[in-house]
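Summary of the model geometry
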Amino acid sequence: MNKTELKALLNQNRSRLGSLYGQTQIERQIDRYSQLIDAYEAAFNDQDCALFSAPGRTEVGGNHTDHQHGRVLAASVNMDAAAAAGRREGEVVFHSEGFAIKPVSLDDLFVHPEEKNTSEALIRGVLAGFVQRGYKIGGFQAVSNSTVLKGSGISSSAAFEVLIGTILSHLYNDGQVSAQEIAKIGQYAENVYFGKPSGLLDQMACSVGNFVTIDFKDPQNVLVEQVDFDFNHSQIALCLVDTRQDHADLSDEYGLMPAEMRQVAAYFGCEVLRQVDPADFYQHIQAVRAQVQNDRALLRAIHFFEEDARVPLQVQALKDQDLSRFFELVIESGHSSFMYLQNVTSPSDIRHQSLALALALSEKVLKGRGAWRVHGGGLAGTIQAFVPLDLLDAYQQVMDDCFGAGSCHVLSIRPEGGVRLL
């Protein structure tokens, strides 16, 4: 399809753009995709391309439960990685705004240790994952840009993996590779080729779209359910507040969360807490405490048991269209993370408590309406808030005044995951 046809179709698909990005973003997205089409022609001297998009994601419930084989609730958002792409012989040539990416040959799909933590590793890994699962692959050329915030817990790498998988699905497999398969291939690429031992949460939320609940009880056969909720007509804005506190030097503290939970599980002869009956834990808590000798580990176990049980309640509230109940549960989740999981402040840096401050200000502005909680790994980074539209301006002002202009990002829940737009 040439660029004149594509640009005409963009204007004819305004309702689709409004659904994916929000009604206020339609003109901006038409301009964005038009620029990608022009950039594709300039880069490759070719007009024959298609348009693709893969969203970032936000965690809504199940804070630090996935590594214990628990349940989570996540959602795709209207920040995304978008691309104009077309077929090419023998290699993948990917031009990404702001990143220099080397061509990846289809004749070499082995792991390259020197590519660890690079975009080339993710492309090569997704190609290899398609081959291993019996799908067709081929070369392609693409021009891309991304609006997914890096370092904010929205999963820019997962969005990139899903974008590559979606392109391969549509260019070489008639769009028949399922969203769940693309997610699993993305996780494989990230684990084996990129070198990051991530779970499946990020990729599945980006690929499936809308609210999605995932049960990791059997990690080899995770249960995934899309929760159909029309967030775009809820009169609620989803806000992520970047408190601009650095994550650097926090790896050890992040690692202690799953490690301490596993210490409690080990008392019962289990690997992870999902395998432990909560009633047994409370019945034997004195003996567990004596053996583990770490009260924080017990508190983190309590967080897991309560948070894991909370996710199905959140899902049911969405199915019942009961936002008041949903918000109550989101706030409960945040309180549990703060008090029991203890991932809102870092014990190694008591002077900087930006997440706690952002949560306190959120409660002051929103108390009695909306909801607020820590977002993602915690200790630094972002919080999440569900803000009624009539309070949005006031909420943004308070957050921007405290953490700097542009710290409050207003998003919406996107109803679709990775897609071919045109």
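In this text the structure is predicted, and so the values were computed from the model without any measurement. (Residues numbered from 1 in each chain as written. Predicted model: local features only at pLDDT ≥ 70, side-chain atom pairs only at ≥ 80, totals over all residues. Heavy atoms only, no water.)

Some remarks on the packing of helix 2 (residues 14–21) against helix 3 (residues 26–44)
What counts is decided by this rule: All axes are obtained by fitting lines to C-alpha atoms, using only the stretch in contact for helices, and the reported angles, taken between N-to-C directions, cover 0 to 180 degrees. We count a stretch as a helix when DSSP gives it H or I for four or more residues in a row; a strand needs E for two or more, and each element gets its number in order from the N terminus. Working rule for angles: under 35 degrees goes down as roughly parallel, over 145 as roughly antiparallel, 65 to 115 as roughly perpendicular, anything else as oblique. Any two residues having at least one pair of non-hydrogen atoms within 4.5 Å are treated as being in contact. The nonpolar class holds Ala, Val, Leu, Ile, Met, Phe, Trp, Tyr, Cys and Pro. Asp, Glu, Lys and Arg form the charged class, and all remaining residues, Gly among them, are polar.
It is the contact of helix 2 with helix 3, at a shortest axis distance of 9 Å, that shows an interaxial angle of 105°. If you check the angle between helix 2 and helix 3, you find them roughly perpendicular. On helix 3, the residues touching Arg14, Leu17, Gly18 and Tyr21 of helix 2 are Ile26, Glu27, Gln29, Ile30, Arg32 and Tyr33. Residues that form the contact of helix 2 with helix 3 fall into these classes: five nonpolar, two polar and three charged.

Focus: the domain arrangement of the protein
As a reminder, the rule being used: Domain delimitation follows an automatic or database domain assignment.
According to the domain assignment, the protein consists of domain 1 (3–55 + 76–219) and domain 2 (236–411). Of note, the centres of domain 1 and domain 2, computed from C-alpha atoms alone, are 30 Å apart.

Some words on the environment of Val288
Stated formally: Between buried and exposed lies partly exposed: a residue is buried under 20% and exposed over 50% of the maximum accessible area for its type, with that area taken using a 1.4 Å probe on protein chains only.
By the element assignment, Val288 lies in helix 10 (residues 285–292). Note on Val288: relative accessible area 0%, which makes it buried. Measuring from C-alpha to C-alpha, the distance between Val288 and Tyr267 comes to 6.5 Å, with 21 residues separating the pair along the chain. With residues up to four places along the chain from it excluded, the contact list for Val288 reads Val264, Tyr267, Phe268, Gln293 and Leu298.

What about the pairing of strand 2 (residues 71–87)?
Condition: Strands are labelled as partners when DSSP assigns at least two bridges between them.
Strand 2 sits mainly inside the fold: 15 of its 17 residues count as buried. By the bridge criterion, ten bridges tie strand 1 (residues 50–61) to strand 2 in an arrangement that is antiparallel. Looking across to strand 2, one finds that Leu51 is bridged to Ala84. Pairing between strand 2 and strand 5 (residues 140–146): seven bridges, direction antiparallel. Looking at the pairing, Gly86 lines up with Gln141 of strand 5.

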